[in-house]
Amino acid sequence: MRLLERHDQKRQLDQIFARTPERRGSVVLVHGPGGIGKTSLVREFVRTAQAEGATVRVGACDDLLTTRAFSPFRDIAQGQSRLGRALRSDAPAAEVLDAILEELDDPLHPVVFVVEDLQWADDATLDALLLVSRRIERLPAMVVATFRDDEIDRTHRLQRLLGALGAAGVERIGLAPLSREAVGELVGFKGDELEDLYRATGGNPFYALEVAATPDATVPTSIRDVVLTRVLALPGATQRALEALSVVPTAAERWLVDAVVDGGAAVLDAAERAGLVVADAATVGFAHEIARRAVQSDLPAGTRVAVNAAVAAVLVEHGAEPTRILHHAIEAGDGDAVLRHGPAAAREASRLGSHREALAAFEQVHRFADTLPSRERAALALEYAYELQLGNRHSEAVAIATEAVDLLEHSDDPQGVADALLVLSRAAYWHRGEVIAMPHAQRAVALLDGREPSPVLAMAFAHMSRLHLLANRNAEAREWASRALGTAATVGYLPAEAGARINHGAAALNLGDADGLAHVTQGVELARRQGYHETVVRGYFQIAVEHMRRGGLDHAERVLHEGRAYAADHQVTYGTFRIDGLLGCILLNRGAAADAATVLRDTLASEVEPGVAGVEPRAWLAQAGARVGDAGASRLAAEAWELAEPSAEAPRLAAAAAALIEMAWLTGDTSGLDVVAGRVLTVVDATRHPWYAGDLRVGLQRAGLPVPAPPDRDLLLTAHASALRGDHVAAAGTWERLGYRHEQAVELVCCDDEAAMLDGLRLLDDLGATATANFARASLRARGVTSVPRGPTRGTRQNPAGLTDRQIDVLELLAQGLTNADIADRLVVSVRTVDHHVSAILEKLHVGTRREAAALAPTLGIGA
């Protein structure tokens, strides 16, 4: 394809490449719809880079039903390079990532990696590109990645990478359709013929070339018709060869084509001359994916099955990766082949941190597992249930784990039954809470307690510890953790040791033992060394909670961002969900209700199904909404209570109750609240939860309801104790030192000193807590304060495009060319919060990139 109207983009690529010898590398994202010319542009750039001495390696992402982890880097890797060895061995993902960075750091020549079709990237590849983007500014390298932006919506997995790429070393190049004049030059059409062609193809160069190449020169109804018309003009043997080639999503090796095509790769010469396929010494493939899909879509079912079966058989013979074999086995409907190769593909993906790919593979295996012996089927079901749990699909995890328990129930294998019960208990907990999960855990312990120590017994003790910890029964949690540590040491089982250390330390912290933090940290480091990803994320969460308890919100936020990056890198989806919720809570505590609401809405938008993990985010979002006057706050508070009520867990019951109490305080409707508060305080006091023991009582005091005395005064935090005895100035001072600005403001409003009251009101206004501030104004006037100022008035012009004030701040800085990290520093918020705001801005402005948003800002009167 000739390079028309792409010279500016080519020049931009050349200029970026020119910086690489100075160790000023970049990641460049080239995007546009399918057929727009991304590959042609990149190929032209590659020729220039090679002429200037660059080492260029090209890889493509797979359009497989179950994609290979690090798929483009398998193409890029050289045979005996460190990267090649790591990908062929059982090396952990961290070693593969290190090897990728090493390949990019050549002291003699600049390096260019080309990654094509990023819209099909597996999660391990996305993680690798995110890591590279953070390091590449110090490397003599350039990574050019292409993707079809017309296939990317808000839910697409690529959005995780696009939203996180705020670094200065990332460039984006979008390709627009060709002009009418360029299309005419490309295909040699003029006049009405050109008008008809341009109207039909919209300036897409691939479509234009395909239509122009049709023998009758008429405009067909679809590009599929165009491609098939060209195929039908080829010899019959070539047509059949293209049919066989169409089931291979990536370029096919010549040995594969020779094996499945009568006459071998030579039969495709006519298709190559016609421009439908491209070939080199090693591979043959369609010139464009659109053409491959058009041919594949026209295959009769019987032909599709037969060709896929033949491809799978050849791949097996050549020892190809299990994931490639699995794709063709699924397409062929070959259940035996799926069962032979699917588990290996799933485990490989899981080992490399591609848990979505692992889940997809296990899903396919499960379809055919009925023919397996019970024990083997149960073992696969347990692996499948674990991946479902990591993917936040808890009800499905419960169903699959229950199936495994049923399969093993009547076996003579108590270890196997207990192990299955533990998987079921974990899934049941995140689906419906401790009341449902505990009986399964207790039964697992009963099956094994008194027998020889074993890894499963150690895990059973550790899991019991965790269930008690989550319910804030800390003495019991520490006791079970001690039993787990003893058993784990006896049998040398590190997974149980790592989890039990975290549980033991967290329970100790909850009981006031500061040494517990060292135990949690030890557990995290052990889990990190061994690759126990879920346990690492849990440890980060516990450390952050402890820093929040001590008032170290900044430190807690840093820990959570580190933990979130780890959870995202290793696809512990429910871990990112919990961490995002706690980040929203930190913003809420700081008084940034609008920012908290943005983060918490995005958190809940990622929720696959409602479960107990969604209680706190709903409750915190309800409180944020109540403070800014969001009409949906009461509904969210009710949802949080509905999810929390069946449990007996202090943290979840209390979070939901706190939201209901704040709503009651601000609205004056306290009906039925005394019953809720009484029930929750009974649980909170019994488990000695210091935060909620005070927080709920202070909330009741503000709402004018009776406040039960705590079991002892030592249980309460200093600020809560001060407020309950009426020393609101002291309470406000404590909250100020801890960084809890909303609580500081409300306590000032509640005190008797008029100047302090007005200070509190002004702080509420500054925080944007409009509903709370208006309530405070009315309250102060009712108390006889005559100098209550009016609230801030909105200007006569509404914010454009429905943007919030903070989103306007972010857009102004975007228009100045600042990265998300720079914006976060300027606004004193986290990068993650800025990411959320940028996503919301793009959606409200109906644009796809930061650059488009920045260009639109002056037209809205922002930053002009």
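Keep in mind that this is a model prediction, so the values were computed, not measured. (Residues numbered from 1 in each chain as written. Predicted model: local features only at pLDDT ≥ 70, side-chain atom pairs only at ≥ 80, totals over all residues. Heavy atoms only, no water.)

J.: Teacher, can you tell me more about the overall build of the protein here?
T.: Per the secondary structure count, the protein includes 45 helices and 8 strands. Oriented by its inertia axes, the alpha-carbon framework of the protein measures out at about 90 × 75 × 50 Å. Sequence separation of at least 24 residues holds for 66% of the intrachain contacts in the protein that already meet a minimum separation of 6. (Helix = DSSP H or I, 4+ residues; strand = E, 2+ residues; numbered from the N terminus. Contact = heavy atoms within 4.5 Å.)

J.: What's the story with the pattern of salt bridges in this structure? I'm lost.
T.: Side chains bearing opposite charge may pair, as long as their charged atoms lie close to each other. One pass over the structure, following the stated rule, counts 50 salt bridges. Between Arg68 and Asp62 there is a salt bridge, with its nearest N and O atoms 2.6 Å apart. With a relative accessible area of 7%, Arg68 lands in the buried category. Residues Arg590 and Glu557 are paired through a salt bridge, measuring 3.0 Å at the closest nitrogen-oxygen approach. (Salt bridge = Lys/Arg side-chain N within 4 Å of Asp/Glu carboxyl O. Buried < 20%, exposed > 50% of the residue type's maximum accessible area, 1.4 Å probe, protein only.)

J.: Even after reading the chapter, I still don't get the packing of aromatic side chains, so can you show me in this structure?
T.: With the rule as written, the count across this model stands at 10 aromatic pairs. When the ring centre of Phe461 is taken as origin, the NZ or CZ atom of Arg483, which lies over that ring, is 4.3 Å away. Between the NZ or CZ atom of Arg702 and the centre of the ring of Trp665, over which it lies, the distance is 5.8 Å. (Phe/Tyr/Trp six-rings, centres within 6.5 Å; stacked < 30°, edge-to-face > 60°. Lys NZ or Arg CZ within 6 Å of the ring centre and 35° of its normal.)

J.: How should the side chain of His533 be read in this particular structure?
T.: Structurally, His533 can be placed in helix α28 (residues 533-549). Leaving out residues up to four positions away in the same chain, His533 has contacts with His355, Tyr566, His570 and Val572.

J.: How should I be thinking about the nonpolar core in this particular structure?
T.: Soluble globular proteins tend to pack their nonpolar side chains together in the buried interior. One finds Met548, Leu582, Val680, Val684, Leu696, Leu764 and Leu780 to be the most contacted residues of the largest nonpolar core, which totals 171 residues. If one sorts the elements of this core by residue count, helix α34 (residues 650-667) sits on top with 13 residues. Grouped together as the second largest cluster of nonpolar side chains are 45 residues, Ile100, Leu131, Val132 and Ile152 included. (Core = buried A, V, L, I, M, F, W, Y, C linked by side-chain atoms within 4.5 Å.)

J.: Looking at this structure, I do not really get the pairing of strand β4 (residues 141-148). What am I missing?
T.: As a general feature of sheets, a regular strand has side chains that alternate between the two faces. For β4, the buried fraction is high: 8 of the 8 residues fall into the buried class. Covered by surrounding structure in β4 are Ala141, Val143, Ala145 and Phe147 together with Met142, Val144, Thr146 and Arg148, the residues of both alternating faces. In the sheet, strand β1 (residues 26-32) pairs with β4 via 7 bridges, with the strands oriented parallel. Considered in β4, the bridge of Gly32 is made with Arg148. Here 5 bridges tie strand β3 (residues 111-116) to β4, and the two strands are oriented parallel to one another. Considered in β4, the bridge of Phe113 is made with Val143. On the question of chirality, the crossover connecting β3 to the parallel β4 by way of helix α6 (residues 123-135) is right-handed. (Pairing = 2+ DSSP bridges. Right-handed = clockwise from strand over helix to strand, strands pointing away.)

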